[in-house]
Amino acid sequence: MLRHAAPLVRKKCCTLNLKHWPSHHYCLHRPKKTPLFRKPTRLERHESRQDSTGKGVGRCTVNNGQRAELIYRLSLPSQKSKVFSAGQSPLPGPGSMQRSLSTVSRYLHLIQTGAPRMSSTAASAGVLARKVALVTASTDGIGLAIARRLAQDGAQVVVSSRKKANVDRTVEELKAENLSVMGVVCHVGKEEDRQRLVATAVERFGGIDLLVSNAAVNPFAGNILDSTDEQWEKILDINIKATFLLVKLVVPHMQKRGGGAIVIVSSIAGYAPFESLGPYSVSKTALFGLTKALAPALAPMNIRVNSLAPGLIKTKFSSALWKDESTMNYLTSKLGVQRLGEPEDCAGTVSFLCSPDSAYITGETIVVAGGAQSRL
């Protein structure tokens, strides 16, 4: 990144000591360098991570008065103390301007928003560079935030959902951010869909390193004694059984890559069941047990397994808990951080659990719940 720059000024040349230097000759003279960009403050870095768009992982602020000069500087060809005769202009011709157009456009986003656009080069240098990640139920909410963050951190991400329209929309959205993604339609409750998801990822990217199992259903709300056999079967099949079967499918491919990381998305409801979501809460408690059972079984293969337990996160899936203002106020009043969580609050934790920074962590559950009670 361009760290320093100085405005260009025209003045009599002082770099050449000629006895008879014509007064009408000028050169491009660069005075002492002045900072064009400054490092973001800690508060600005925090605000950037909380950006509701989920774009960018940092912020670089342009000093006042330098915007026009930046565009002008970028449009100029490389010139060092070039001498111009009277009547000549130091400005480049149309050809040079056209050649420099792509360079200028790369910085327009920076100038207008103060945040650098994620490029494929930047992503390839991330902590998850050259890793291939599968993220189920990743076209909305927590799953989408996780897919975006893994891609921003360098991974090649396969997003999936039951509906093709949602998959296509998400792939288009993330590719517009210069992220390496592809999409596969997948209903995790169907064996053929799970096999196609894994096979497509291996064919496209050459293997699988990371799995984030995020898919879940909840067809029941009310007193647990009113739940039916069919509702229990659907919840247990999708939330628990499908997660385990998908893990079995990806493990051989992770072994071929020398190891991997698996993150199972559970819920704070697994620790403190929601009164109206009894069967769903039970399934999330079971995922804690699945994480504990898988971790020692996969450790000899250099595959780590951890779980994420989100609290009250503002998504469509949890809208019944926060759409009513009085209910939302009551729930948030019980938290240490008295606000609803955002999907991005979970994404960074998952990226950490997938990265080498968590190489000595397996069989654990990380709670992202704003201080809610989170132990059995």
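Residues numbered from 1 in each chain as written. Predicted model: local features only at pLDDT ≥ 70, side-chain atom pairs only at ≥ 80, totals over all residues. Heavy atoms only, no water.

**Student:** I tried to follow a negative patch on the surface on my own but got confused; where do I start?
**Tutor:** Among the surface-exposed residues, Asp-229, Glu-230, Glu-233 and Asp-237 lie close enough to one another that they form a single negatively charged patch. Along the chain, Glu-233 turns up in helix 8 (residues 229-256). (Patch = residues over 30% accessible without salt bridge, like charges linked within 9 Å, V, L, I, M, F, W, Y side chains within 5 Å. Areas by Shrake-Rupley, 256 points an atom, 1.4 Å probe, with all protein chains shown as cover. Salt bridge = Lys/Arg side-chain N within 4 Å of Asp/Glu carboxyl O. Lys, Arg positive; Asp, Glu negative; His and termini not counted. Charge placed at Lys NZ, Arg CZ, Asp CG, Glu CD. Helix = DSSP H or I, 4+ residues; strand = E, 2+ residues; numbered from the N terminus.)

**Student:** I would appreciate a short explanation of the pattern of salt bridges in the present structure.
**Tutor:** Side-chain pairs of opposite charge can arise whenever the charged atoms involved come near each other. If you walk through the whole model with that rule in mind, you get nine salt bridges. Taking the shortest distance from any N to any O, the salt bridge between Asp-345 and Arg-339 comes out at 3.2 Å. Shared partners join several salt bridges into a network, and the residues in it are Arg-148, Glu-173 and Glu-177.

**Student:** I tried to follow helix 8 on my own but got confused; where do I start?
**Tutor:** Since the α-helix advances by 3.6 residues per turn, residues separated by three or four positions end up pointing in the same direction. Its 28 residues place the ends of helix 8 40 Å apart at the C-alpha level, agreeing with the 40 Å of an ideal helix rising 1.5 Å per residue. Approximately 40° is the largest bend angle found in helix 8, and it occurs at Asp-237. Turning to helix 8, the residues buried within the fold contact strand 8 (132-135), helix 7 (191-205), strand 11 (210-213), strand 12 (260-265), helix 9 (278-298) and strand 13 (303-310). In the stretch just after helix 8, Gly-258 is the one whose phi turns positive, near 90°. (Expected span 1.5 Å × (residues − 1). Bend = angle between axes of the 7 residues up to and from the residue. Contact = heavy atoms within 4.5 Å.)

**Student:** What's the story with the environment of Gly-189 in this structure? I'm lost.
**Tutor:** With respect to the secondary-structure elements, Gly-189 resides in the loop between strand 10 (181-185) and helix 7. Look at Gly-189 and you get partly exposed, because its relative accessible area is 37%. Note: C-alpha distance between Gly-189 and Lys-234 (45 residues apart in sequence) is 8.9 Å. The contact partners of Gly-189, leaving out residues within four places of it in the chain, are Arg-194, Ile-238 and Ala-242. (Buried < 20%, exposed > 50% of the residue type's maximum accessible area, 1.4 Å probe, protein only.)

**Student:** Would you mind going over the side chain of Lys-284 with me for this structure?
**Tutor:** Examined against the element boundaries, Lys-284 turns out to sit in helix 9. It is Asp-237 that comes nearest to the buried, bridge-free Lys-284 among opposite-charge side chains, at 14 Å. Dropping the residues within four chain positions of it, Lys-284 is found in contact with Ala-216, Val-265, Ser-266, Ser-267 and Gly-270.

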